[in-house]
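Here's the letter readout for the chains.
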Amino acid sequence: MGFRLPAILRTSFNANQENSKCIEVQKGYLAVYVGEKYKRFVIPISYLNQLSFQNLLSQVEQEFGYDHPMGGLTIPCSEDVFQNIISRFSGL
């Protein structure tokens, strides 16, 4: 698979234009920003082994590249699609 993930466990993002804060991401998890409003999800790294999640990341790479303005992985699909995909992994 040809994607790279940031090796950052601390992700800084701008909650609003005036206040910026640093948010901890627990070891073994990854912050991703989904949809038009960049809703933040913290997901287990184990999800990266799932074929459907890898397919989603491949589509994102082909369509948008890897310029992630939020400092974390940005997935521009709808929140509903994203939640549907990760809901299948709840037993992991």
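Owing to the predicted nature of the structure, the values given are computational and were not obtained by experimental measurement.

Quick notes on the rules
Residues numbered from 1 in each chain as written. Predicted model: local features only at pLDDT ≥ 70, side-chain atom pairs only at ≥ 80, totals over all residues. Heavy atoms only, no water. pLDDT = per-residue confidence, 0-100. Helix = DSSP H or I, 4+ residues; strand = E, 2+ residues; numbered from the N terminus. Contact = heavy atoms within 4.5 Å. Buried < 20%, exposed > 50% of the residue type's maximum accessible area, 1.4 Å probe, protein only. Pairing = 2+ DSSP bridges. Axes fitted to C-alpha atoms, helices over the stretch in contact; angles between N-to-C directions.

Student: Outline the confidence of the model for the protein, supporting the account with residue identities and numerical values.
Tutor: Here the protein shows a mean pLDDT of 74. Residues at 70 or above account for 66%. By mean pLDDT, the top-scoring element of the protein is strand β4 (residues 39-44) (92), and the lowest-scoring one is strand β1 (residues 10-14) (36). Throughout residues 1-21 the model reports pLDDT below 50, and contacts reaching past four residues in sequence, or to other chains, amount to 39 contacts.

Student: Give me the lowdown on the environment of Leu-73, citing residues and values where you can.
Tutor: Within the secondary structure layout, Leu-73 lies in strand β5 (residues 73-75). Its relative accessible area of 0% is what places Leu-73 among the buried residues. Residues Leu-73 and Leu-57 lie 16 residues apart in sequence; the distance between their C-alpha atoms is 9.6 Å.

Student: Got a sec to walk through unusual backbone geometry? Specific residues and values, please.
Tutor: For residues other than glycine, phi is negative in most cases, and the peptide bonds are mostly trans. Phi at Tyr-38 is positive, roughly 55°, even though this residue is not glycine. Secondary-structure assignment places Tyr-38 in the loop between β3 (29-34) and β4. Accessibility expressed as a relative area gives 35% for Tyr-38, which makes it partly exposed.

Student: An account of the sheet that holds β3 is requested, with residue identities and associated values reported.
Tutor: Spatially, β4-β3-β5 is the arrangement adopted by the three strands of the open sheet, whose pairing is mixed. Edge positions in the sheet fall to β4 and β5, since each has one partner strand and no second. When strand polarity is set aside, the average angle formed by the axes of neighbouring strands in this sheet is 35°. Bridge count for β3 against β4 is six bridges, and the pairing is antiparallel. What sits directly across from Tyr-33, in β4, is Arg-40. Packing against the sheet, helix α1 (residues 51-64) makes contact with β4 and β5, and its axis sits at approximately 90° to β5. Its contacts with the sheet place helix α2 (residues 79-87) against β3, β4 and β5, and it is angled at close to 10° to β4.

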